[in-house]
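Reading the structure
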Amino acid sequence: MAARVLVAAMALPLRFVREYVRASDLAVAAAVLFACSAARSRLTSRRGAPMLWPVVGVLPALFAHLGDVYDWGAAALARSGGTFPYRGAWGGGSSGVITSVPANVEHVLKTNFANYPKGPYYRERFAELLGAGIFNADGEAWRAQRSAAAAEMHSARFLEFSAGTVRRLVDGGLVPLLDALSRRREGGGAVAVDLQDVLLRFAFDNICAAALGVDPGCLAEGLPDVPFARAFERATELSLARFVTPPFVWKAKRRLRVGGERELAEAARAVRDFAGRTVADRRAELREAGTLAGRCDLLSRLMTASPPPPDAAPEGYSDEFLRDICVSFILAGRDTSSVALTWFFWLLASHPDVESRVLDDVARAAGGGRTATTMDYLHAALTESMRLYPPVPADFKEALEDDVLPDGTAVRARQRVIYFTYAMGRDKASWGPDCLEFRPERWLNKSGAFAGGAESPFKYVVFNAGPRLCVGKRFAYTQMKTVAAAVLARFRVEVVPGQEVKPKLNTTLYMKNGLMVRFASREQRHELRHHVPAAGED
Ligand code: HEM
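Residues numbered from 1 in each chain as written. Predicted model: local features only at pLDDT ≥ 70, side-chain atom pairs only at ≥ 80, totals over all residues.

- As recorded in an unreviewed UniProt entry, the chain goes by the name Cytochrome P450, listed as coming from Paspalum notatum var. saurae.
- Comment text from UniProt for the chain, heading Cofactor (unreviewed entry), reads "heme". (UniProt positions renumbered as here; feature names shortened; annotations may be inferred.)

As for the sheet that holds strand β5 (residues 193-194)
- Read from one edge to the other, the open sheet built from three strands follows the order β5-β11-β10, with strand pairing classed as antiparallel. Only two strands of the sheet have a single neighbouring strand rather than two, namely β5 and β10 (491-495).
- Sitting on the sheet, helix α10 (residues 156-183) is in contact with β5, β10 and β11 (516-521), with an inclination near 90° to β11. (Pairing = 2+ DSSP bridges. Helix = DSSP H or I, 4+ residues; strand = E, 2+ residues; numbered from the N terminus. Contact = placed C-beta atoms within 7 Å. Axes fitted to C-alpha atoms, helices over the stretch in contact; angles between N-to-C directions.)

Points about the packing of helix α17 (residues 336-349) against helix α23 (residues 473-490)
- At a minimum axis distance of 10 Å, the contact between α17 and α23 shows a crossing angle of 40°. Looking at the two axes, α17 sits oblique to α23. In terms of crossing hand, the pair formed by α17 and α23 is right-handed. Seen from α17, the contacting residues are T336, S337, A340, L341 and F344; seen from α23, they are A476, Q479, M480, V483 and A484.
- When grouped by side-chain class, the residues that make up the contact of α17 with α23 number seven nonpolar, three polar and no charged. (Parallel < 35°, antiparallel > 145°, perpendicular 65-115°, else oblique. Left-handed = near helix turned anticlockwise from the far one by under 90°. Nonpolar A, V, L, I, M, F, W, Y, C, P; charged D, E, K, R; others polar.)

Some thoughts on the UniProt feature "binding site: heme" (unreviewed entry) in the chain
- In this numbering, the UniProt entry assigns the feature "binding site: heme" (unreviewed entry) to C470.
- For C470, the location among the structural elements is in the loop between α22 (428-431) and α23.
- On the basis of neighbour counts, which here come to 19 C-beta atoms within 10 Å, the residue C470 falls in the partly exposed class.
- The residues touching C470, leaving out its near neighbours within four places in the chain, are F463 and N464. (Buried ≥ 20, exposed ≤ 12 C-beta atoms within 10 Å, placed from the backbone.)

Some words on the sheet that holds strand β1 (residues 83-87)
- Taken together, the four strands give an open sheet; going across it, the order is β1-β2-β9-β6, and neighbouring strands pair in mixed fashion. Among the strands making up the open sheet, the edge pair consists of β1 and β6 (395-398). Recorded for the sheet is a direction-independent mean angle of 25° between the axes of neighbouring strands.
- Pairing geometry for β6 and strand β9 (residues 416-419), over four bridges, is antiparallel.

Put into structure tokens, the structure is as follows:
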């Protein structure tokens, strides 16, 4: 998730215009555009890059391409040699460069990591929801949370626990729900359902179980409206809206506590109160029982970390620290893997050859043998699907000091470097002439084992790379492989014909209209023996 301002800027949806920009603002913008048009030919821009207008920066170009912004952005990067400057609107301080050059990305994410924090621009916009959580933190505050979270997340105990939570939710929630849907009739066939919505609900319940040890019940019968999930979604949306709102507007609204800013304050408070209450209840449970040995969720593990981590007070982490890190985890793990799975199922529906190889892999895993623990083909197919449809399509970091990127592009202090993951996954130079094809085999070696580790991590930044590599990557693969295997073994997923499938303009690559599918029970079921599908790499 997160610092994905390119898409936030690109994602200036009409809904946003309706909600946040008044007619008078638009009139001023139109006048400015008109006044500037005479100067248009004199404006400088890198060859092939979008025009940068005074005041409104890159926005006119974005507006012209609202319908195909990802592909348009990728084509513009390809034309301009992989990097071009951008400037946002309204003097909001958002300017810098957009790049898809792996060497530049390596420089920002690893080689010169110290010069490229998330920065105050990001932190300020997510302050209400995330507080000082890992997703919002830099420097020592980030390092302390990173080492605590990584130690727990990569422990054998957590891996086993989290794999168990996925299996229980698949067996006890997802499969029974799909089974019921496959039996429910409508107009002579099985009822159609939005797969994306079902998977988002699944992932929310799953991340809450893993991070907090609670079940919000989004996947319960009747697919209910869950206030905590709704508050989380609204707080995220409204925080992101700040990236495309003139700062003087949202800051004034915040001070006056009106409109979306009031709503944001309320939604963020609801989220933090819920997480805070969970921390307080767990603390009370620990006091009464003297142990949380039966609990393996992240919150309980961090609360009882023993001996207390060097960066914590002698009595352990504070309740605020625990609340903030858990909220960040929910934000990070809430929708990424469900969105990835939705694109994956959609791609499989139009690639029966790949589907049949995935099914072979799943059947082999069920029958035991070496692939039972790895399911390398499924791993490769998921990896390939995220290359074409990365759940986080763009991300950014903010420069502390002036710098020069490896391709010679200058970056000034406080400017942002946006790396466009979507374009990087479709770059011919990195992936060859068949870069637009869905071909899981490109990730396998001659003996059919997953060989993704051979690729530069800075070519495939779907999970970020360098010191801030996604700490939930292994969890995400376990979750996605378990869901994909269980669903495909039991059901044929039939995409309802005639619907328009396209990405939504957002910081997460949702399908704009969801994905309507029907589930049909397979005649011959592969009886799955559950196992922990280990990630081929991490
Ligand atoms: C397909 C699924 C996922 C994808 C594609 C993904 C991608 C990413 C990306 C691109 C970042 C970097 C964000 C930034 O620096 O702005 C990130 C960070 C992070 N992710 Fe994931 N993620 C996924 C699933 C998860 C899950 C399930 C969890 C939790 C269990 C998680 C936890 C985190 C955390 C805590 C960070 C912050 C790491 C840090 O700043 O040190 N992610 N992820």
